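Residue strings, one per chain:
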Amino acid sequence: MKTERGEEMKKRLRLNGENLLVLTTNYRSIILLVILSVYAQIATNGLFFNIDNLLSVTRQISVSLIICIGFTLVIACGGFDLSVSSILGLTSCVYVIISKLLPLPLTIILTLAAGGLCGLCNGLLIEGFGVSPFIITFASGGIFRGIAELITNGKTVGEISEGMRYFGRGTWFGALPVSFAIALIFAVAGACLMRKTLYGRFIIATGGNRKSAAVSGIKVKLISISTYVIMGFCIAAASVMYVGRVAVAHASTGTGIDTTVYAAVLIGGTSVRGGRATMLGTLCGCLLMGVMNNMFTFMEVGSYLQRIVLSAIIVIAVVFDLKSDKYFTKMKK
Amino acid sequence: MCEYKRTKNIFCLLLAVIVLSVNVTSCVKADYGEDKFTLAVSMDVSDVLPVSLMEAIEEETLAHGGNIIYKYAGNAENQLRDIEYMIVKKPDVIAVRPINTESIILALELIKDAGIPCILIDYCVDDEYSDLYDAFVCEDTYEEGRLQAECIKQWLDEDETRELHLGYLVGSNNEYVLPRRDALYEELGIETPEAEEFTSWSSAQAIATTEIWLQRYPEINVYACMGDIMAMGVAQALSSAGRNLDDILILGIDGCAGRINILKSGEVDFTVARNVKIDAADIYNTAVALTRGETFSETIYPDSTVLLSAENVDEYYASLNEN
């Protein structure tokens, strides 16, 4: 028996064509990240791994990383959210406006609550009426953006306190940006939630096969709604970092960040059909987006072309995900 | 265990690739800005003006044999990102036309930390952050308002029967452009005009405002605008209403090359232009002076404002192209 297991392990460790394909598929975001980092280092004449540059990359990805954590849960559970940027716009405006009336800790709590409430609305509408998350979150995005415009009167709100700036500009241990450190804490918490808790397994089960999950006693609607609430909470936390960095908020804040978030999560290995997710993959996907953005800036690639490339990445990641799933299912048979 | 071992091996392999690439590329030297003066400029893309100013700065820098790194940003977040990238390239001086004077503080702090001299263009940060930049080069918006007032005075002097009935279209309420309005009122000796409206640099809003004024204040004979874009709207609304433009004075500010037709066609009578070449030369000279250790405690106002009408607009742009 022992020898059989040993043989099996040896077989799995052997680097043949089949194993290589599985490895490349499973670790695609890490492999791509390394290839792109090496290419960026060469293309920028050795400036990419400059410590200043690496720190600026971490500062730039903090906001999208926190959002990606929440988005991974939503996708893993078989949902989707098109209202990401609108919630970011709304919570940023709420954060700045209420900061003028209340002390900072209370302001942050209320902002997180506002984000959670947005997510709760999305979740309740999706699960309550059984409507596609694409339709509901597309419409709710318009509502959230409208509310942001209403409360700001369409104007930019600013004049934030030093305490608020700390989240976007402060450093720990002399160099590590606070925003990135907090984003990493979110990533670790997200990974623990997915791998170590029953709740994480319920999310995967719900996303993988909703009917089977329901039959086995999982409250699928509750699990699904909770992922949207966590998503809203994560976006609100990201808005605290965003405002700390940019110092102002506007109803249009966050426009365009959704493309980066979708691309990062999907390229990170989370299945667009739900039932499979990895926080390490999401982290790598997010870093990959940051590296690519940085490289584009160095290579003087215009923002229009960047948008085309990002959108193309989403298409490629989704197609790759579907095709590889089909291939491996066929191979197992 | 097997899975763990495989993951560990992959990570080690990938880490080795990164370390190797860092070692290899660190031997290669960057090919820019090593011996030449390098100026980095971060510009907003709010209008035609920043683009023409950027082109003029590039021309000026290259003409002096220097290097230029420039980026246009559409929002505050992108401008921050651009400046972070510029800092890594270590230019001699960084010049910034901020999109938002609050958002730019972080970028100014990073520039300061990197020990690179910094020039702010047109928009300044609060006084408490004055130690974060080394020079402030600003368009003389007061002079622009004063020149508009001179035009009005001249127009009134041409016919003694004329009386001033002024309508003023404000672009925005920020302290950078308000001197345009304040100087005009001060020179004309008026506290409040017949009508004043905020139209947020929008031609459509200027049309709507003029249409309302035509009903409520039909006696208005001078329409002064903070920008040409609004002057165009005023002219369009008056033409649509069948008003004779010969009896009315319309004034704008900007005079960008792309909008000179409004002067030639007589839609707008006068505009105050900004000679971006003079601005660019002042910005470049200030940058060079900063690298020599000179300090600038006072705001630098380039002598670049010029009054344009249908008579001199062609001559003015021809002279710009000649130089």
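Because the structure is predicted, anything quoted here is derived from the model rather than measured.

1. Things to note about the overall build of chain A
Helix and strand counts for chain A come out as 15 helices and two strands. Its C-alpha atoms put chain A at 70 × 55 × 35 Å along the principal axes. Out of the 333 residues in chain A, the part that is buried amounts to 54%. If you take every contact in chain A between residues at least 6 apart in sequence, the share linking residues at least 24 apart comes to 76%. With an accessible surface of roughly 15300 Å², chain A has 69% of that area assigned to carbon and sulfur atoms. For chain A, the distance from the average site of its 29 positive side-chain charges to the average site of its 14 negative ones is 6 Å.

2. Description of the overall build of chain B
Within chain B, the secondary structure is distributed over 11 helices and 11 strands. Put simply, of all contacts in chain B between residues at least 6 apart along the chain, 68% involve residues at least 24 apart. Counting only carbon and sulfur atoms, one obtains 48% of the accessible surface of chain B, whose full area is about 15000 Å².

3. Digging into the packing of aromatic side chains
For any pair of aromatic rings, geometry is given as the distance between the ring centres together with the angle between the planes. Applying the stated criterion across every chain yields a total of 14 aromatic pairs over all chains. Measuring from ring centre to ring centre gives 5.1 Å for A:Phe71 and A:Tyr262, while their planes differ by 35 degrees; the resulting arrangement is tilted. Of this pair, A:Phe71 sits in helix α4 (residues 51-76) while A:Tyr262 sits in helix α13 (residues 257-267), placing them 191 residues apart in sequence. In this pair, the class of A:Phe71 matches that of A:Tyr262, namely buried. Aromatic side chains B:Tyr316 and B:Tyr317 sit 5.0 Å apart centroid to centroid with 80 degrees between the ring planes, which places their arrangement in the edge-to-face category. By relative accessible area, B:Tyr317 is classed as buried at 14%. Here a set of aromatic residues connected by ring pairs shows up, and it is made of A:Phe71, A:Phe80, A:Phe134 and A:Tyr262. It is B:Lys71 that lies over the ring of B:Tyr85; its NZ or CZ is 5.0 Å from the centre.

4. Quick word on the sheet that holds strand β5 (residues 135-137) of chain B
Residue and element names in this part refer to chain B. Across the sheet, five strands lie side by side as β2-β1-β3-β4-β5; this open sheet has parallel pairing. Lying at the two open borders of the sheet, with one neighbouring strand each, are β2 (67-73) and β5. Direction aside, neighbouring strands of the sheet carry axes that sit 20 degrees apart on average. Note: strand β3 (residues 93-96) against strand β4 (residues 118-121), three bridges, orientation parallel. Along β4, the bridge assignment pairs Ala95 with Ile119. On top of the sheet, helix α2 (residues 48-63) reaches β1 (38-44), β2 and β4; it is set at about 170 degrees to β2, its chief contact.

5. Quick look at the sheet that holds strand β8 (residues 222-225) of chain B
Residues and elements named next belong to chain B. If you trace the six strands from one edge of the open sheet to the other, you get β7-β6-β8-β9-β10-β11, paired in mixed fashion. The sheet is open, and its two borders are formed by β7 (195-198) and β11 (305-308), each paired with just one other strand. Strand-to-strand twist across the sheet, computed as the mean angle between neighbouring axes with direction ignored, equals 15 degrees. Summarising the sheet, β8 and strand β9 (residues 249-254) pair through three bridges and their orientation is parallel. Counterpart to Val222 in the pairing with β9 is Leu249. Those strands touched by helix α6 (residues 178-188) are β6 (166-170), β7, β8 and β9, and its axis lies near 165 degrees from that of β6.

6. Quick notes on helix α9 (residues 178-196) of chain A
Compared with an ideal rise of 1.5 Å per residue, which puts 19 residues at 27 Å, α9(A) spans 26 Å between its outermost C-alpha atoms and is within 8% of the ideal. Along α9(A), the residues classified as buried are A:Val178, A:Ser179, A:Phe180, A:Ala181, A:Ile182, A:Ala183, A:Phe186, A:Ala187, A:Gly190 and A:Met194.

7. Overview of helix α3 (residues 76-88) of chain B
Residues and elements named next belong to chain B. Helix length check: α3 (13 residues) gives 19 Å between terminal C-alpha atoms against 18 Å at 1.5 Å per residue, within 8%. Two or three places before Glu77, at the start of α3, stands the capping residue Asn75, its side-chain oxygen 3.2 Å from that residue's backbone nitrogen. Lys90 sits one or two residues past α3 and shows a positive phi near 50 degrees.

8. Thoughts on the nonpolar core
It is characteristic of soluble globular proteins that their nonpolar side chains tend to be buried jointly. Core analysis: the biggest nonpolar cluster contains 165 residues, and A:Ile66, A:Ile67, A:Met289, B:Ile111, B:Leu184, B:Tyr223 and B:Ile250 have the highest contact counts within it. For this core, the leading source of residues is helix α12 (residues 220-246) of chain A, giving 14 residues. Setting aside anything within four residues of it in sequence, one finds B:Leu184 in contact with B:Gly145, B:Gln148, B:Ala149, B:Ile152, B:Leu166, B:Tyr168 and B:Ala224.

9. Re unusual backbone geometry
A negative phi angle characterises most non-glycine residues, just as the trans form characterises most peptide bonds. One non-glycine residue, A:Asn153, lies in positive phi territory at about 60 degrees. Within the element layout of this structure, A:Asn153 appears in the loop between α7 (133-152) and α8 (162-169). Positive phi outside glycine occurs at B:Lys90, with the angle close to 50 degrees. Tracing the backbone shows B:Lys90 in the loop between α3 and β3.

10. Points about the packing of α9(A) against α12(A)
For any two helices packed against each other, the geometry comes down to the angle between their axes and how far apart the axes lie. Residues and elements named next belong to chain A. Where α9 meets α12, the axes come as close as 10 Å, and the angle between the chain directions of the two elements is 165 degrees. As far as their axial angle goes, α12 and α9 are roughly antiparallel. Relative to α12, the crossing made by α9 is right-handed. Counted together, Ser179, Ile182, Phe186 and Leu193 of α9 and Ile230, Phe233, Cys234, Ala237 and Met241 of α12 form the full contact between these two elements. By residue class, the composition of the contact of α9 with α12 is eight nonpolar, one polar and no charged.

11. As for the packing of α2(B) against helix α10 (residues 276-291) of chain B
Residues and elements named next belong to chain B. Running from N to C, α2 and α10 cross one another at 55 degrees; their axes reach a closest spacing of 8 Å. Relative to α10, α2 is oriented oblique. The handedness of the crossing between α2 and α10 is right-handed. Contact residues: Leu49, Ser52, Leu53, Ala56, Ile57, Glu59, Glu60 and Thr61 in α2; Val276, Lys277, Asp279, Ala280, Ala281, Ile283 and Tyr284 in α10. Per-class residue counts for the contact of α2 with α10 are nine nonpolar, two polar and four charged.

12. Quick word on the state of the cysteines
Inspection of every chain in the model, using the stated rule, returns zero disulfides over all chains. Considering cysteine sulfurs only, A:Cys68 is the nearest to A:Cys234, which forms no disulfide, with 10.0 Å between them. Looking at the unpaired B:Cys225, the closest cysteine sulfur is the one in B:Cys151, lying at 13 Å.

13. Quick notes on the pattern of salt bridges
All names here are of chain B. Within the structure shown, the criterion is met by 21 salt bridges over all chains. A salt bridge links Glu139 to Arg274; the nearest nitrogen and oxygen atoms lie 3.1 Å apart. Remark: Arg274 occurs in strand β10 (residues 270-274) and Glu139 occurs in the loop between β5 and α5 (141-158); sequence separation between them is 135 residues. Take Glu139 and Arg274: they sit in the same class, and that class is buried. Linking Lys153 and Glu187 is a salt bridge whose minimum nitrogen-to-oxygen distance equals 3.5 Å. Remark: Glu187 occurs in helix α6 and Lys153 occurs in helix α5; sequence separation between them is 34 residues. We classify Lys153 as partly exposed; its relative accessible area is 31%.

Cut-offs applied
- Residues numbered from 1 in each chain as written.
- Chains lettered and ligands numbered in written order.
- Predicted model: local features only at pLDDT ≥ 70, side-chain atom pairs only at ≥ 80, totals over all residues.
- Heavy atoms only, no water.
- Helix = DSSP H or I, 4+ residues; strand = E, 2+ residues; numbered from the N terminus.
- Buried < 20%, exposed > 50% of the residue type's maximum accessible area, 1.4 Å probe, protein only.
- Contact = heavy atoms within 4.5 Å.
- Areas by Shrake-Rupley, 256 points an atom, 1.4 Å probe, with all protein chains shown as cover.
- Lys, Arg positive; Asp, Glu negative; His and termini not counted.
- Charge placed at Lys NZ, Arg CZ, Asp CG, Glu CD.
- Phe/Tyr/Trp six-rings, centres within 6.5 Å; stacked < 30°, edge-to-face > 60°.
- Lys NZ or Arg CZ within 6 Å of the ring centre and 35° of its normal.
- Pairing = 2+ DSSP bridges.
- Axes fitted to C-alpha atoms, helices over the stretch in contact; angles between N-to-C directions.
- Expected span 1.5 Å × (residues − 1).
- Polar contact = N/O pair within 3.5 Å; in protein donor to acceptor, adjacent residues only side chain to side chain.
- Core = buried A, V, L, I, M, F, W, Y, C linked by side-chain atoms within 4.5 Å.
- Parallel < 35°, antiparallel > 145°, perpendicular 65-115°, else oblique.
- Left-handed = near helix turned anticlockwise from the far one by under 90°.
- Nonpolar A, V, L, I, M, F, W, Y, C, P; charged D, E, K, R; others polar.
- Disulfide = S-S within 2.5 Å.
- Salt bridge = Lys/Arg side-chain N within 4 Å of Asp/Glu carboxyl O.

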